[in-house]
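Understanding the architecture of this molecule
Letter by letter, the chains look like this.
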Amino acid sequence: MTHGDRPIRLPDVISQAVPAAERTGRTGAFGGLGLRWALPLSVAGGLAVSASFPPIDAWPLAAAGPAMLVIALTGRSLRGSCGCGLAFGLAMFVPLLSWLVNVAWYAWAALAAAEAVIFALACLGQRLLLELPGWPAAVAAWWVAAEALRDRWPFAFPWGRLAMSQAGARTCAGRRWAARRC
């Protein structure tokens, strides 16, 4: 390809089309998904985590849900991160706490909303950690710390921890669990 009297090289085209901050490859250096894709992805992640708990008990989804949230939060503003965290939290806690309807529907709605708001606030910190070079370890530590805080304050409410969804996971030392039940 030529442009006028000089050939056009691909690196020249890329450097003109993509700003330097977007070529770095660091998480958060690009714009991420648009909000119209990030919110449904956050909801899907919350539903995936909710499905990892009984009665569905699809325990491998406990890893897929937070991964979807990381994708949704990448490159997002703090306000957008809070919105994605709220969508994730509502999609996770509304079905997870549906047993509270037997007690009172308003208790179910209030507790699910309160937990989702706490989760949305935790997503603000998670979004900031996505900028770090070692972000996977930082985000994992943040998730554990946020769950530990949610267990103790303000409601001492431990339901919804990822580890609790793994109780039904099939593990057999030295055996293939897919071949036969342990």
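Right above here is the structure, for reference.
This write-up is about the structure you can find in this document. Model, not experiment: these values are computed from the prediction.

1. Examining the pattern of salt bridges
Charged atoms that come close allow side chains of opposite charge to pair. All told, the structure shown has three salt bridges when counted by the stated rule. Here Arg-127 ties to Glu-131 by a salt bridge, and the two come within 3.0 Å at their closest N and O atoms.

2. Some points on unusual backbone geometry
Along the chain, Pro-54 connects to Pro-55 via a cis peptide bond; the corresponding omega equals 10°. Checked against the element boundaries, Pro-55 lands in the loop between helix H2 (35–51) and helix H3 (61–73). The backbone of Asp-57 sits at a positive phi, close to 60°, despite the residue not being glycine. For Asp-57, the position within the fold is in the loop between H2 and H3. The class for Asp-57 is partly exposed, based on a relative accessible area of 29%.

3. Digging into helix H6 (residues 135–152)
Since the α-helix packs 3.6 residues into each turn, any two residues three or four apart lie on the same face. Between its first and last C-alpha atoms H6 spans 25 Å; for 18 residues at 1.5 Å apiece the expected length is 26 Å, and the two agree. When we look at burial in H6, the residues that qualify are Ala-138, Val-139, Trp-143, Glu-147, Arg-150 and Asp-151.

4. Overview of the packing of aromatic side chains
Going through the model one piece at a time under the given rule, you end up with six aromatic pairs. Taking the centre distance of 5.0 Å and the plane angle of 10° together, the rings of Phe-88 and Phe-119 count as stacked. Placement of Phe-88 in helix H4 (residues 78–96) and of Phe-119 in helix H5 (residues 105–129) is noted, with a sequence separation of 31 residues between them. Here the two residues Phe-88 and Phe-119 agree in accessibility, since each one is buried. Each residue in the set Phe-88, Phe-119 and Trp-143 is aromatic and connected to the rest through ring pairs, giving one cluster.

5. Quick notes on a nonpolar patch on the surface
A cluster of nonpolar side chains, namely Leu-86, Leu-90, Val-94, Val-117 and Leu-121, defines an oily patch on the protein surface of about 370 Å² accessible area. Contributing elements (two or more residues each) for the nonpolar patch: H4 and H5. No other element matches H4, which puts three residues into the nonpolar patch. If you trace the backbone, Leu-90 turns up in helix H4.

6. Quick word on the packing of H2 against H4
Direction vectors running N to C along H2 and H4 enclose 30°, while the axes themselves pass 7 Å from each other. Here H4 runs roughly parallel to H2, going by the angle between their axes. Judged by the sense of rotation from one axis to the other, the crossing of H2 with H4 is right-handed. For the pair formed by H2 and H4, the contact residues are Leu-35, Ala-38, Leu-39, Ser-42, Val-43, Gly-45, Gly-46, Leu-47, Val-49 and Ser-50 on the first element and Gly-83, Cys-84, Ala-87, Phe-88, Ala-91, Met-92, Pro-95 and Leu-96 on the second. A per-class count over the contact of H2 with H4 returns 13 nonpolar, five polar and no charged.

7. A short note on the packing of H2 against H3
If you want to describe how two helices pack, look at the angle between their axes and the distance between the axes. Closest axis-to-axis distance for the H2/H3 pair is 7 Å, and the angle between their directions is 160°. By the angle between their directions, the pair H2 and H3 is classed as roughly antiparallel. Helix-helix and strand crossings are classified by hand; for H2 and H3 the assignment is left-handed. Facing Ala-38, Leu-41, Ser-42, Ala-44, Gly-45, Ala-48, Val-49 and Ala-51 of H2, the residues of H3 in contact are Leu-61, Gly-65, Pro-66, Met-68, Leu-69, Ile-71 and Ala-72. Looking at the contact of H2 with H3, its residues break down into 12 nonpolar, three polar and no charged.

About the criteria used
Residues numbered from 1 in each chain as written. Predicted model: local features only at pLDDT ≥ 70, side-chain atom pairs only at ≥ 80, totals over all residues. Heavy atoms only, no water. Salt bridge = Lys/Arg side-chain N within 4 Å of Asp/Glu carboxyl O. Helix = DSSP H or I, 4+ residues; strand = E, 2+ residues; numbered from the N terminus. Buried < 20%, exposed > 50% of the residue type's maximum accessible area, 1.4 Å probe, protein only. Expected span 1.5 Å × (residues − 1). Phe/Tyr/Trp six-rings, centres within 6.5 Å; stacked < 30°, edge-to-face > 60°. Patch = residues over 30% accessible without salt bridge, like charges linked within 9 Å, V, L, I, M, F, W, Y side chains within 5 Å. Areas by Shrake-Rupley, 256 points an atom, 1.4 Å probe, with all protein chains shown as cover. Axes fitted to C-alpha atoms, helices over the stretch in contact; angles between N-to-C directions. Parallel < 35°, antiparallel > 145°, perpendicular 65-115°, else oblique. Left-handed = near helix turned anticlockwise from the far one by under 90°. Contact = heavy atoms within 4.5 Å. Nonpolar A, V, L, I, M, F, W, Y, C, P; charged D, E, K, R; others polar.

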